[in-house]
Amino acid sequence: MFKKVNILDEKDERLRKISKDVVFPLSDKEKKLIDDAIKHLTYSQIEEYEKKYDLRPGMGLAFPQLGILKRVIIIVHEYEKGKFNNYVFVNPKIVSNSTEMIAAEAGEGCLSVNREVEGHILRYARVTVEGFDPDGNKISIRAREDLSIAFQHEIDHLNGILFYDRIDKDKPFYSEMEIRLI
Ligand code: NI
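These lines cover the structure that appears in this document, whether it is placed above or below. Only a predicted model underlies this, so the values are computations on that prediction, with no experimental measurement involved.

1. Points about the overall build of the chain
Then step 1. Assigned secondary structure in the chain consists of three helices and eight strands.
Then step 2. Ordering the α and β elements of the chain from the N terminus gives α-α-β-β-β-β-β-β-β-α-β.
Then step 3. A compact globule built from 182 residues would reach a C-alpha radius of gyration of about 16 Å, and the chain, at 16 Å, matches this within 12%.
Then step 4. A principal-axis box enclosing the C-alpha atoms of the chain has dimensions of 50 × 40 × 35 Å.
Then step 5. A burial count over the chain gives 46% of its 182 residues as buried.
Then step 6. For the chain, the proportion of contacts with a sequence separation of at least 24, taken over those separated by at least 6, is 69%.
Then step 7. Summing over all exposed atoms, the chain offers an accessible surface of approximately 10000 Å²; the carbon and sulfur share of this is 50%.

Okay, here's the thing in structure tokens:
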């Protein structure tokens, strides 16, 4: 049976803490939480289940949002209509980035932020992220476009940063001339 994961709201102080590096092995409970989060994120992006279970659509979660201050991120990326790739990175690190910046045209959302926040957030168009899978094997990815934004957004959570912290108060919006909006 499907059970939603409990996601902390932005007002919760734990979202502002720096999460700790994971020391392997992960506990069975933590592995189960990863699986539950993947299912939650996948269902939230499928209309039928989104409605049935009253989910807010989202593509990523970080452990601190689930109340665990450890460096784990989970991304479920719909790369083609109805097709998903799962990415679980433990102790993720951005090891290189493009000089090109992008921003999500519609702004970003977060499952911990239950309101609309308008504004563009500058992100690297491409990042290389290294880390470990849940079993402790080394992994890396070169992420582009929306997936690159997702990695940067989720890694921010591990450092106590919420997406709107990065919106420039004096200039919340960019034009297509200034930055590539995706
Ligand atoms: Ni978020």
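Read on for the rest.
2. Remarks on the environment of Phe151
Then step 1. Assignment of secondary structure puts Phe151 in helix 3 (residues 145–158).
Then step 2. Between the alpha carbons of Phe151 and Tyr87 there is a distance of 9.5 Å; along the sequence they are 64 residues apart.
Then step 3. Ignoring anything within four residues of it in the chain, the contact list for Phe151 reads Ile73, Ile75, Tyr87, Phe89, Val127, Val129, Ile141 and Ala143.

3. Some points on the coordination of the nickel ion
Then step 1. Here the nickel ion is held by the protein donor atoms Cys110 (SG), His153 (NE2) and His157 (NE2), which lie 2.1 to 2.3 Å from it.
Then step 2. Counting gaps between the donor residues of the nickel ion yields the pattern C-x42-H-x3-H. Of this pair, His153 and His157 both sit in helix 3, four residues apart, which is roughly one turn of that helix. Here His153 and His157 have matching classes, each one buried.

4. What about helix 3?
Then step 1. With 14 residues, helix 3 extends 21 Å between its outermost C-alpha atoms, agreeing within 8% with the 20 Å of an ideal straight helix rising 1.5 Å per residue.
Then step 2. Helix 3 sits mainly inside the fold: twelve of its 14 residues count as buried.
Then step 3. All buried positions along helix 3 are accounted for by Leu147, Ser148, Ile149, Ala150, Phe151, Gln152, His153, Glu154, Ile155, Asp156, His157 and Leu158.
Then step 4. Of the residues trailing helix 3, Gly160 is marked for its positive phi of about 75°.

5. Some thoughts on the environment of Val113
Then step 1. Inspection of the secondary structure assignment puts Val113 in the loop between strand 4 (101–103) and strand 5 (123–124).
Then step 2. Along the backbone, Val113 and Lys11 are 102 residues apart, and their C-alpha atoms lie at a distance of 8.8 Å.
Then step 3. Apart from the residues within four sequence positions on either side, Val113 is in contact with Glu10, Arg56, Phe163 and Tyr164.

6. Some thoughts on the pairing of strand 3 (residues 83–97)
Then step 1. As paired strands, strand 2 (residues 72–80) and strand 3 are joined by eight bridges and run antiparallel to one another. Among the inter-strand pairings, Val72 is bridged to a residue of strand 3, identified as Val90.
Then step 2. From the end of strand 2 to the start of strand 3, which pair antiparallel, there are two residues, and Gly82 there has a positive phi angle of about 80°.
Then step 3. The sheet contact formed by strand 3 and strand 6 (residues 126–132) spans five bridges and is antiparallel. Each residue of the ladder has a partner; that of Ser96, found in strand 6, is Thr128.

7. Examining the nonpolar core
Buried together is how nonpolar side chains tend to be arranged in soluble globular proteins.
Then step 1. In terms of nonpolar packing, the biggest core is built from 18 residues, with Ile34, Leu61, Phe63, Leu66, Val72 and Ile74 touching the most fellow members.
Then step 2. Looking at this core, the elements that each hand over two or more residues are helix 1 (28–44), strand 2 and strand 3.
Then step 3. It is helix 1 that provides the largest number of residues to this core, a total of five residues.
Then step 4. If we skip the residues at most four places from it in the chain, Phe63 touches Glu30, Leu33, Ile34, Ile68, Lys70, Val72 and Ile74.
Then step 5. With 14 residues, the next largest nonpolar core counts Val129, Ala150, Ile155 and Leu158 among its residues.

Conventions used here
Once a new chain begins, its residue numbering starts again from 1 and follows that chain's sequence as written. Side-chain atom pairs in this predicted model are given and counted only at pLDDT of 80 or more, local residue features only at pLDDT of at least 70, and totals for whole chains, interfaces and linings cover all residues. Where side-chain values are given, they derive from all heavy atoms of the structure, hydrogens and water being excluded. Here a strand is any run of E in DSSP of at least two residues, a helix any run of H or I of at least four, and the numbering for each starts at the N terminus. Only C-alpha atoms enter the radius of gyration, while the globule expectation follows 2.2 Å times N to the 0.38, with N the number of residues. When a residue's accessible area, from a 1.4 Å probe over protein chains only, is under 20% of the maximum for its type it is buried; when over 50% it is exposed; and in between it is partly exposed. Two residues qualify as a contact provided that any one of their heavy atoms is within 4.5 Å of a heavy atom in the partner residue. Reported accessibility uses the Shrake-Rupley method at a 1.4 Å probe radius. Residues are deemed covered only where the shown protein chains occlude them. Counted as donors are N, O and S atoms no farther than 2.8 Å from the metal, or 3.2 Å for Na, K and Ca; water is not among the atoms, and sites may therefore look incomplete. Expected span of a helix, by definition, is 1.5 Å for each gap between consecutive residues, and there is one gap fewer than residues. Strand pairing requires that DSSP identify at least two bridges connecting the strands. For the purposes of this section, nonpolar cores are sets of buried Ala, Val, Leu, Ile, Met, Phe, Trp, Tyr and Cys residues that join through side-chain atoms within 4.5 Å.

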